[in-house]
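Here is how the chains run, residue by residue.
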Amino acid sequence: MTLTEHRGPVAERTRVAVIGGGASGVLTAINLLVRSDDPALEVVIHEASGIVGRGIAYGTNDQRHLLNVRARHMSAFPDSPSDLLDWALRTGRSSDPQGFLPRADYAIYLQDRLADVADDRLRVRAGRVLDVVPSAAGFEIVTERSRSHADAVVLCHGNQPPRPLTLADGAPVPEAPWHVANPWELARLRALPAEAHVVVVGTGLTAVDTVITLLEDGPEREVTMLSRHGLLPKPHVGQAHTAWVTKVPEGPVTADAIAAAVTEECQAAAERGVGWRAVVDGLRPATQDLWRRLPHAERERFLQVYARDWEVRRHRMAPDVALRLQRYRYEGRLHVRPGTLEGVTDLGERCRVTAGAETHDADAVVNCTGPLSDVRRSADPLIQALLARGTVAPDPLALGLDATPEGQVLDAAGLPVPDLHLVGPPRKGTLWESTAIPEIRAQAAQVAATVVQRTSRRTIAN
Ligand SMILES: Cc1cc2nc3c(=O)[nH]c(=O)nc-3n(C[C@H](O)[C@H](O)[C@H](O)COP(=O)(O)OP(=O)(O)OC[C@H]3O[C@@H](n4cnc5c(N)ncnc54)[C@H](O)[C@@H]3O)c2cc1C
């Protein structure tokens, strides 16, 4: 009996709901469609905005916001590394493998690749999913306007908006015209006065994007960036040696031992004229395994002592972006300060910010503290509903949701939820390295393979 003989009315279809249509959702859907030739399969992407492929990372319409990963590492398919470069060449974009394409172009790439494999088995539903309710027959997907059935669900809800901005004493920064709570609302930034002075809280990659949008568009503007450590991401540089094989400690590990081993490797590399970047990149394939081998208390120590230093080296900015920042600093339009937000006085359209010994009269304070990872503090109705029912649980460090290493969701009792999977940044707690495309595309391929295997068994059984 062939699978095709089971082609039947829509009601008999096996439906996979993909919750979220950012990079994780699109890559999962592509893999589902490519890996299955079952006409009874239906893949439904539920995307709040209705537009797939963008998400937070690639939803920017500022062409100066570049990918922070070289083009040669950003293919949608692990087994076809030149796919993005081939697409870029075909569509008249730069196909420099060492280059950094605009992030908005990457969204078009994902949309094109989805369109290439889409057939009548794919649906995109606009609207926010408010709940995913397990039932005897699968799941009920609840949106504002509808309820529908799914046999399997892949959560691809991605990065959460930043946690609300607070002062050093924990008091919330009030909502006000000068308070930009969502740094990805570029229209708010662009609408600021031509001579605005802006305080950007955070010095990570989102803060860097914000500075570029503000200062390229307003040559008279001034920005003060503020974070506890005052560290900007390190820039990528041209690397003669990219294939450094970083020695990975064997056996039981501690955070201190890993840090010492990395320092040693950097010294060994330097003696051979190889920069630390090659050591950091060389560690990437082993990072998830090292994380899994760290006992819980050691993971906590890593977060407390080493995480920030690791992040600024691991998540680097494109050289062009780094040059822009250097120029702004040289021109006296950008200041980077270590410190915390101690006070903000509401002056109506403006505010007065106190941080350390400095006071700034500012036209805006922008929350660039980075995506919220502690799901217990999420305001997302879907996350709240899933947590309240115990369908999902925070991972032990509350960096995301608990899941098996293969991406099956674990419930509040620590048990795998059949046919409920997770792809993307919310797997950070179990994998640590779960943020960027090289990891996400592998997760999407793996989860899709599992789902296809289980759903086709079901089709045959029917
Ligand atoms: C600013 C920024 C820049 C980045 N740049 C790079 C880069 O250059 N290279 C790289 O490899 N990685 C980059 N990353 C890392 C990024 O995490 C991944 O590359 C990837 O974009 C994550 O995709 P995602 O789909 O998991 O999450 P998101 O991009 O957050 O997308 C999630 C999507 O799900 C939707 N959604 C969420 N909840 C629901 C719901 N309940 N119902 C319906 N829809 C829902 C949202 O509307 C959104 O479209 C960047 C991250 C950020 C934040």
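Predicted model only: the values in this text are computed from it and were never measured.

Novice: Which residues make up the overall build of the protein chain, and what values do they have?
Specialist: Counting secondary structure elements, the protein chain contains 12 helices and 17 strands. Burial statistics for the protein chain: of 462 residues in total, 41% are counted as buried. In the protein chain, 72% of the contacts between residues at least 6 apart in sequence involve partners at least 24 apart.

Novice: An account of the domain arrangement of the protein chain is needed here, citing residue identities and associated values.
Specialist: Interface size, as often reported, equals the accessible area lost upon joining of the parts. Segmentation of the protein chain into domains returns domain 1 (3-161 + 373-461), domain 2 (179-234 + 316-367) and domain 3 (255-314). Centre-to-centre separation of domain 2 and domain 3, based on C-alpha positions: 30 Å.

Novice: How would you summarise the site of the ligand if you had to cite specific residues and measurements?
Specialist: In the neighbourhood of the ligand, 34 residues make up the surrounding shell, with Gly20, Gly22, Gly55, Gly158 and Gly424 lying closest. Broken down by secondary-structure element, the contributors of at least two residues to the shell around the ligand are α1 (23-35), β2 (41-47), α5 (205-217) and α12 (437-461). Residue contributions to the shell around the ligand peak at three residues, all from α1. A per-class count over the shell around the ligand returns 16 nonpolar, 15 polar and three charged.

Novice: Go over the environment of arginine 427 with me, naming the residues and quoting the values.
Specialist: Position of arginine 427 among the secondary structure elements: in the loop between β17 (416-422) and α11 (428-431). Excluding its chain neighbours within four sequence positions, the residues that come into contact with arginine 427 are Gly400, Ala403, Gly407, Leu422, Ser434 and Gln443.

Novice: Tell me about the pairing of strand β7 (residues 152-155), and name the residues and values.
Specialist: Burial along β7 is two-sided: Ala152 and Val154 and Val153 and Leu155, pointing in opposite directions, are all buried. Strand direction decides the pairing type here: β7 and β17, joined by three bridges, are parallel. Counterpart to leucine 155 in the pairing with β17 is leucine 422.

Novice: How would you summarise the confidence of the model for the protein chain if you had to cite specific residues and measurements?
Specialist: Summarising the model, the protein chain shows a mean pLDDT of 92, and 95% of its residues fall at 70 or more. In this model, residues 1-10 is a region of pLDDT below 50 whose contacts with residues beyond four sequence positions or in other chains number 10 contacts.

Novice: Break down the packing of helix α6 (residues 255-271) against helix α7 (residues 276-293) for me, citing the residues and quoting the values.
Specialist: Look at α6 against α7: their axes get within 9 Å of each other, and the N-to-C directions meet at 150°. Of the two elements, α6 crosses α7, and the hand of that crossing is right-handed. Facing α6, whose interface residues are Ile258, Val262, Glu265, Cys266 and Ala269, α7 presents Trp276, Ala278, Val279, Leu283 and Leu290. Looking at the contact of α6 with α7 residue by residue, the class counts come to nine nonpolar, no polar and one charged.

Novice: Residue-level account of the nonpolar core, with values.
Specialist: Judged by nonpolar contacts, the single largest core of 103 residues is most densely connected at Val16, Ala29, Val153, Val200, Val211 and Val365. Residue contributions to this core peak at eight residues, all from α12. When residues of this core are assigned to domains, at least three fall in each of domain 1 (3-161 + 373-461) and domain 2 (179-234 + 316-367). Residues in contact with valine 211, not counting those within four places in the same chain, are Val200, Val223, Met225, Leu325, Tyr328 and Leu334. Residues Trp244, Val274, Ala278 and Leu283 belong to the second largest nonpolar core, which totals 11 residues.

Novice: A description of the sheet that holds strand β14 (residues 358-362) should follow, citing residues and the corresponding values.
Specialist: Within the open sheet, the three strands sit side by side as β12-β13-β14. Their pairing is antiparallel. On the outer flanks of this sheet lie β12 (343-346) and β14, each paired with one strand and no other. Each adjacent strand pair in this sheet contributes to an overall mean axis angle of 15°, direction not counted. In this structure, strand β13 (residues 351-355) lies alongside β14, joined through five bridges in antiparallel fashion. Each bridged residue has a counterpart across the sheet, and for threonine 354 the counterpart in β14 is threonine 359.

Novice: Would you mind going over helix α9 (residues 319-330) in detail, with residue names and values included?
Specialist: For α9, with 12 residues, the first-to-last C-alpha span of 16 Å sits near the 16 Å given by 1.5 Å per residue. Among the residues of α9, those classed as buried are Val321, Leu325 and Tyr328. Buried positions in α9, seen along its axis, are confined to an arc of 60° and lie on one side of it. Residues Leu323, Gln326, Arg327 and Tyr330 are exposed on α9 and point more than 90 degrees away from its buried face. Buried residues along α9 sit in contact with α5 and β11 (334-338). Among the residues trailing α9, glycine 332 stands out with phi positive, at a value near 75°.

Novice: Please set out unusual backbone geometry residue by residue, giving values where relevant.
Specialist: Its identity is not glycine, yet alanine 398 carries a phi of approximately 55°, on the positive side. Backbone geometry places aspartate 419, a non-glycine residue, at a positive phi of 65°. Here aspartate 419 is to be found in strand β17. Overall, aspartate 419 belongs to the buried group, with 21 C-beta atoms counted inside 10 Å.

Novice: Outline α7, supporting the account with residue identities and numerical values.
Specialist: Taking 1.5 Å as the rise per residue, α7 with 18 residues should run 26 Å; its terminal C-alpha atoms sit 23 Å apart, in good agreement. Along its length, α7 reaches its greatest deviation from straightness, about 60°, at proline 285.

Novice: Tell me what's going on with the sheet that holds strand β10 (residues 222-227), and back it up with residues and numbers.
Specialist: Strand order across the open sheet formed by five strands is β8-β15-β9-β10-β11, with parallel pairing between neighbours. A single partner strand is all that each edge strand has here, and the edge strands are β8 (179-180) and β11. Both β10 and β11 contribute to a ladder of five bridges, which runs parallel. Looking at the pairing, leucine 226 lines up with arginine 337 of β11. Packing against the sheet, α5 makes contact with β9 (197-201), β10, β11 and β15 (364-367), and its axis sits at approximately 170° to β10.

So, how was this worked out
- Residues numbered from 1 in each chain as written.
- Predicted model: local features only at pLDDT ≥ 70, side-chain atom pairs only at ≥ 80, totals over all residues.
- Helix = DSSP H or I, 4+ residues; strand = E, 2+ residues; numbered from the N terminus.
- Buried ≥ 20, exposed ≤ 12 C-beta atoms within 10 Å, placed from the backbone.
- Contact = placed C-beta atoms within 7 Å.
- Domains from an automatic or database assignment.
- Near = placed C-beta within 6 Å.
- Nonpolar A, V, L, I, M, F, W, Y, C, P; charged D, E, K, R; others polar.
- Pairing = 2+ DSSP bridges.
- pLDDT = per-residue confidence, 0-100.
- Axes fitted to C-alpha atoms, helices over the stretch in contact; angles between N-to-C directions.
- Left-handed = near helix turned anticlockwise from the far one by under 90°.
- Core = buried A, V, L, I, M, F, W, Y, C linked by C-beta atoms within 7 Å.
- Expected span 1.5 Å × (residues − 1).
- Arc of directions from axis to C-beta.
- Bend = angle between axes of the 7 residues up to and from the residue.

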